[in-house]
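Structural overview for review
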Amino acid sequence: MQDSTPDQITMVEFPSSSMPATADFLATVCGWTPTVYGTSYTDLTGGGIEVGIQGDDDEQSPAPLMVIRVADLTEARGRVEAAGGVVTLEPFSFPGGRRFHFREPGGNEMAMWVPE
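Residues numbered from 1 in each chain as written. Predicted model: local features only at pLDDT ≥ 70, side-chain atom pairs only at ≥ 80, totals over all residues. Heavy atoms only, no water.

Another aspect to go through is the pairing of strand β3 (residues 41-45). Counted residue by residue, β3 has four buried out of five residues, so it is predominantly covered. Bridge count between strand β2 (residues 33-37) and β3: five bridges; the pairing is antiparallel. Bridging from a neighbouring strand, Tyr37 pairs with Tyr41 of β3. The antiparallel pairing of β2 with β3 creates a hairpin that spans three residues between the two strands, and Gly38 there sits at a positive phi of about 70°. Looking at chain direction, β3 and strand β4 (residues 50-54) are connected through four bridges and run antiparallel. Looking at β4, one finds that Asp43 is bridged to Gly52. The loop that links β3 with its antiparallel partner β4 comprises four residues; one of these, Gly46, has a positive phi angle of about 115°. (Buried < 20%, exposed > 50% of the residue type's maximum accessible area, 1.4 Å probe, protein only. Helix = DSSP H or I, 4+ residues; strand = E, 2+ residues; numbered from the N terminus. Pairing = 2+ DSSP bridges.)

Another point: the environment of Met110. Looking at the secondary structure, you find Met110 in strand β8 (residues 109-115). Spatially, the C-alpha atoms of Met110 and Val87 are 9.5 Å apart, while their sequence positions differ by 23 residues. Setting aside residues up to four positions removed in sequence, Met110 forms contacts with Leu65, Met66, Ile68, Phe100, His101, Phe102 and Glu104. (Contact = heavy atoms within 4.5 Å.)

Next up on the list: the layout of surface pockets. To find the voids left in a structure, one rolls a probe of water-molecule size over its atoms. The space that makes up the largest pocket amounts to roughly 410 Å³. If you go around the largest pocket, you meet 18 residues; those closest to its centre are Met11, Tyr41, Phe94, Pro95 and Arg99. Broken down by secondary-structure element, the contributors of at least two residues to the lining of the largest pocket are β1 (8-15), β3, β4 and β6 (86-94). Looking at which element gives the most residues to the lining of the largest pocket, the answer is β1, with three residues. Class assignment of the residues belonging to the lining of the largest pocket gives a composition of eight nonpolar, four polar and six charged. (1 Å grid on protein atoms, 1.4 Å probe; cavity = no way out; pocket = protein on both sides within 12 Å on 5 of 7 lines; lining within 4 Å. Points joined across faces, edges and corners; volume = space filled by probe spheres on them. Nonpolar A, V, L, I, M, F, W, Y, C, P; charged D, E, K, R; others polar.)

Okay, structure coming up:
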């Protein structure tokens, strides 16, 4: 049975050729609080939704990535595929949860995640 609560956009993730510079810039300009995870990722909070800065070339999307929180990752993947979306990155764990990436029929890459 599907949860009746709508899925929520909880994050926008930006690719960056210099994660520290992008994170420092947004923290300074917007007053957001950074949390650094290793050498290639920073989370910024305080702007209404979380902003992620992805500095790892192998994990970057080519454009900003809308990240949607869902109740059930497997069920959400089924909805994505049934509606014509294509999974571009299989589910994986990250600090705080699991997610997968997909491309919607218009070509935009997005992600869905669940907290752990």
